[in-house]
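# Per-entry structural report
Chain by chain, the residues run as shown.
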Amino acid sequence: MSTIIEQADRRTFLKTTSGLVAGLALGGPLAEAMAKAAESAAYSIPLGVYAAYDKADFLRKSGCAYIEESVAGFLIPEGGDAGYEKNLTQLRQEHFPIKSYVILLPASLKTLGPEANHEAILQRTDTVLKRAKECGSQFVVFGSGASRIIPEGFDRAKAKAQHIELTQKMAPLAEKYGVTIAVEPLNRGETNFINSLAEGVEIVDAVKSPKVKLLCDIYHMLKEDEPATEIIKYGKHIVHCHIAEKAKRTPPGVAGDDFRAYLGALKKIGYKGGLSIECFVYTDFEKEAKRGVEVLKQQLSEV
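Under an unreviewed UniProt entry, the name given to the protein is Xylose isomerase-like TIM barrel domain-containing protein, and the organism recorded is Dyadobacter beijingensis.

As structure tokens, then:
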């Protein structure tokens, strides 16, 4: 008797599953319903804010998943090694992750031009990546616009070759420590080199390292009138994102910028990395940062 029942159950199972597979394959009502459900699912990604680490507890309570710090503020502070150890102790006590660090290089360290100083940059980068690993961080952002300005009259092709050569030397350090260097295109108001995602990808492609990837900064894209479709075009290279409003680099919600086209592009490429509000001046940090996170969550849910 049990054999007969088992055979009947098996036939029922096969009939049911074959119907499901057929419905999906032929685009039947079930497939359409599942597709609509997938489209209507709210899009969300981890959000963070660039700030000093003493804002960590506030940002956690404001709905952030992480904080973004600066190299000079946290990893190589004015207090030297003792200052870094103090920061590291605070990080371990607070248990709120630092996902990434901005401003890898000061303006005094040039990546290109007649004053290029690759040896000093590599020494600094080694320390930065080593400490980023100790902190459990994923990325170091390689923007540093003032360090990569091509001097007037200097050959542009030579400058590009210098910058690529440096980044190729940085790549093994990133691989050694397991921390990704995120190349950041910046608007032409800050530098005259690497001003678009396409130009950033040229560096990434030339270096050919799994630990040298692309950062997408929606603020800089807006300043350069770079369309959201560029995110889709170069999506496979993007590992981290920044955002701010176009006019005065304010947090979302101050001027009321609509970022949904860019957020929709991130959704289309299946981006699941972090999105950091990166602003340098606030009228009221706590009020504006919290509001910025709320606005981003709302716009993400609507794309």
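So, next bit.
### A few points about the overall build of the protein
Across its full length, the protein carries 12 helices and 8 strands. Going through the 303 residues of the protein one by one, you find that 49% of them count as buried. Sequence separation of at least 24 residues holds for 76% of the intrachain contacts in the protein that already meet a minimum separation of 6. Accessible surface for the protein amounts to roughly 14,800 Å². Of this, 54% is attributable to carbon and sulfur atoms.

### Considering helix α7 (residues 156-177)
For α7, built from 22 residues, the straight-helix expectation of 32 Å at 1.5 Å per residue is met to within 8% by its first-to-last C-alpha distance of 32 Å. Buried residues of α7: A159, Q162, H163, I164, L166, T167, M170, A171, L173, A174 and Y177, and no others. Residue D155 occupies the N-cap position of α7, its side-chain oxygen lying 3.2 Å from the main-chain nitrogen of A157. Looking one or two residues beyond α7, the residue adopting positive phi is G178, at roughly 70 degrees.

### Focus: the packing of aromatic side chains
Under the defined criterion, the tally for this structure stands at 5 aromatic pairs. Between F58 and F285, the aromatic rings sit 6.1 Å apart at their centres with planes inclined by 55 degrees, giving tilted as the arrangement. In this pair, F58 is assigned in helix α3 (residues 56-61) and F285 in helix α12 (residues 285-302), connecting sequence segments 227 residues apart. On the basis of relative accessible area, F285 is assigned to the buried category, the value being 16%.

### Points about the pairing of strand β3 (residues 98-102)
By the criterion of burial, β3 is predominantly enclosed, with 5 of the 5 residues buried. Bridging between strand β2 (residues 66-70) and β3 involves 4 bridges; their strand directions are parallel. Counterpart to I67 in the pairing with β3 is I98. Where β3 lies against strand β4 (residues 139-142), 2 bridges are found, and the strand directions are parallel. Each bridged residue has a counterpart across the sheet, and for S100 the counterpart in β4 is F139. In this view, the connection linking β3 to its parallel neighbour β4 by way of helix α6 (residues 118-134) has right-handed handedness.

### Topic: α6
The end-to-end C-alpha separation of α6 is 24 Å, in line with the 24 Å expected for 17 residues at 1.5 Å each. Those residues of α6 that sit buried are H118, I121, R124, T125, V128, L129, R131 and A132. Each buried residue of α6 sits inside an arc of 165 degrees when the element is viewed along its axis, so together they form one side. Residues of α6 that are exposed and point more than 90 degrees away from the buried face comprise E119 and Q123.

### Brief notes about the pattern of salt bridges
Under the defined criterion, the tally for this structure stands at 13 salt bridges. In this structure, D57 and K61 form a salt bridge, with 3.0 Å as the shortest nitrogen-oxygen distance. Within this pair, D57 and its partner K61 are both found in helix α3, separated by 4 residues, close to a single helical turn. Assessed through its relative accessible area of 66%, K61 is described here as exposed.

What counts, and at which threshold
- Residues numbered from 1 in each chain as written.
- Predicted model: local features only at pLDDT ≥ 70, side-chain atom pairs only at ≥ 80, totals over all residues.
- Heavy atoms only, no water.
- Helix = DSSP H or I, 4+ residues; strand = E, 2+ residues; numbered from the N terminus.
- Buried < 20%, exposed > 50% of the residue type's maximum accessible area, 1.4 Å probe, protein only.
- Contact = heavy atoms within 4.5 Å.
- Areas by Shrake-Rupley, 256 points an atom, 1.4 Å probe, with all protein chains shown as cover.
- Expected span 1.5 Å × (residues − 1).
- Polar contact = N/O pair within 3.5 Å; in protein donor to acceptor, adjacent residues only side chain to side chain.
- Phe/Tyr/Trp six-rings, centres within 6.5 Å; stacked < 30°, edge-to-face > 60°.
- Pairing = 2+ DSSP bridges.
- Right-handed = clockwise from strand over helix to strand, strands pointing away.
- Arc of directions from axis to C-beta.
- Salt bridge = Lys/Arg side-chain N within 4 Å of Asp/Glu carboxyl O.

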